[in-house]
Amino acid sequence: MATFAPSLREATLLLGHVLGLDEARLLAHGEKPVTGGEAARFRALLKRRLGGEPVAYLLGEREFYGRPFRVDSRVLIPRPESEHLIEALLERKSTLPRRPRLLDIGTGSGCLAITLALEIPGSRVVATDLSPAALALAAANARLLGVGDRVRFVATDLEAALAERPPFDIVLSNPPYVAVEDHHRLSPEITDFEPSQALFAQHGGTAILLRLAALAGRRLVPGGWLACEIGDGQIEALASGFSRLAPELEWIEVRKDYAGKPRTVILKRRPI
Ligand SMILES: C[S@@+](CC[C@H](N)C(=O)[O-])C[C@H]1O[C@@H](n2cnc3c(N)ncnc32)[C@H](O)[C@@H]1O
């Protein structure tokens, strides 16, 4: 079994978590005495980290777009590259109706839905997931971050979500997109701890993205946006699959991630 020796920074974050100090205060108050109970809690966290458990789960929190989101094994840990999806939509904010209706498919921790609700005042967001356990945590995040009732959480598959009326102005999703056969390529830190329902999809990882485009092409408001995160090396398969299954959608932008790989795609439903 692989062991995951914590880096100095990870150990600092875990100790700060036990002592209730942020990183800067911990480093500035290195002389603070540690009780026996605190030392035992710190050792227990180090042991879990050595077993590969992600630091975000040990801390119970991950920052996304500048806000803290509660995370645990019910949800995928929000990734920095998913912030590109937020940026791409916010750049188009001025073109939206005054009270836009947004649908987030596969909301997980709620990081995308809640961020957009807070960044687009007046927006109304439906956030869906197949996992009721993930939705419970997402709803807790919405309460903690003060979005009020502007995000509605619904346990449903994407087909039923997209059937809602009136149609949505924006459909967004960071769906599972890792090919099932690539399971062994991911670190055990991911596959042993994050929900597999959040990671894997059939057809080289593109199955859910293709279903989503086919439905969004028919059910978005004309002129509405579909914004998705995609996996490595999927852009060609998606380009041909989308044009076959969703001819109503026009490609607007392919945005690269910090590693220079196509990661976020923005499409628009053509006016009827
Ligand atoms: C990659 S995670 C994304 C979580 C979050 N939106 C984020 O960006 O961090 C995908 C989420 O989609 C959910 N999911 C998987 N299949 C789904 C489906 N057919 N319909 C709705 N949600 C689905 C999973 O439970 C998981 O929470």
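Rules of the game
Residues numbered from 1 in each chain as written. Predicted model: local features only at pLDDT ≥ 70, side-chain atom pairs only at ≥ 80, totals over all residues. Helix = DSSP H or I, 4+ residues; strand = E, 2+ residues; numbered from the N terminus. Buried ≥ 20, exposed ≤ 12 C-beta atoms within 10 Å, placed from the backbone. Core = buried A, V, L, I, M, F, W, Y, C linked by C-beta atoms within 7 Å. Contact = placed C-beta atoms within 7 Å. Pairing = 2+ DSSP bridges. Near = placed C-beta within 6 Å. Axes fitted to C-alpha atoms, helices over the stretch in contact; angles between N-to-C directions. Parallel < 35°, antiparallel > 145°, perpendicular 65-115°, else oblique. Left-handed = near helix turned anticlockwise from the far one by under 90°. Nonpolar A, V, L, I, M, F, W, Y, C, P; charged D, E, K, R; others polar. Domains from an automatic or database assignment.

**Describing unusual backbone geometry**
Move 1: Residue Pro-166 is bonded to the preceding Arg-165 through a cis peptide linkage, with omega at -5°.
Move 2: Tracing the backbone shows Pro-166 in the loop between α8 (158–162) and β6 (170–173).
Move 3: In this model, Tyr-65 sits at a positive phi of 50°, which is unusual for a non-glycine residue.
Move 4: On the basis of neighbour counts, which here come to 19 C-beta atoms within 10 Å, the residue Tyr-65 falls in the partly exposed class.
Move 5: In the Ramachandran plot, His-203 falls in the positive-phi region, its phi being about 55° despite a non-glycine side chain.
Move 6: The class for His-203 is partly exposed, based on 15 C-beta atoms found within 10 Å.

**A look at the nonpolar core**
Move 1: Of all hydrophobic cores here, the largest spans 61 residues; its most connected members are Val-171, Leu-212, Ala-216, Leu-226 and Ala-227.
Move 2: Among all residues touching Ala-216, those that are not within four sequence positions of it are Leu-162, Val-171, Leu-226, Ala-246 and Leu-249.

**A closer look at the environment of Arg-263**
Move 1: Relative to the assigned elements, Arg-263 resides in strand β11 (residues 262–269).
Move 2: By the C-beta count within 10 Å, which is 25 here, Arg-263 ends up buried.
Move 3: Linking Arg-263 and Glu-229, residues 34 residues apart in sequence, is a C-alpha distance of 5.5 Å.

**Here's the deal with the pairing of β11**
Move 1: Burial within β11 is extensive, with seven of its eight residues counted as buried.
Move 2: Inspection of the sheet shows strand β9 (residues 225–229) paired to β11 by five bridges, in the antiparallel sense. Its bridge partner being in β11, Glu-229 is matched across the sheet by Thr-264.
Move 3: The pairing of strand β10 (residues 249–256) with β11 spans seven bridges and is antiparallel. Paired with Leu-249 across the two strands is Arg-269, which belongs to β11.
Move 4: The hairpin formed by β10 and β11 contains five residues between the paired strands, and Gly-260 there has a positive phi angle of roughly 80°.

**Examining the site of the ligand**
Move 1: Taken together, 23 residues surround the ligand, and among them Leu-76, Gly-106, Gly-108, Asn-174 and Ala-198 come closest.
Move 2: Within the residue set of the shell around the ligand, elements represented by two or more residues are α6 (111–119) and β4 (124–129).

**Examining the packing of helix α1 (residues 8–19) against helix α3 (residues 36–50)**
Move 1: One can describe the packing of α1 onto α3 by two numbers: an axis separation of 9 Å at closest approach and a directional angle of 140°. Taken together, the axes of α1 and α3 are oblique relative to one another. As for how α1 packs across α3, the hand of that crossing is right-handed. For the pair α1 and α3, the contacting residues are Glu-10, Ala-11, Leu-14, Leu-15, Val-18 and Leu-19 in the first and Glu-38, Arg-41, Phe-42, Leu-45, Leu-46 and Arg-49 in the second.
Move 2: By residue class, the composition of the contact of α1 with α3 is eight nonpolar, no polar and four charged.

**Thoughts on the pairing of strand β1 (residues 61–64)**
Move 1: Where burial is concerned, the two faces of β1 differ: the one with Arg-62 and Phe-64 is buried and the one with Glu-61 and Glu-63 is not.
Move 2: Note that β1 and strand β2 (residues 67–70) share four bridges and pair antiparallel. In the sheet register, Phe-64 faces β2, and the bridge partner there is Arg-67.

**A look at the domain arrangement of the chain**
Move 1: By the assigned domains, the chain splits into domain 1 (8–52) and domain 2 (75–269).
Move 2: Relative to domain 2, the C-alpha centre of domain 1 lies at a distance of 35 Å.

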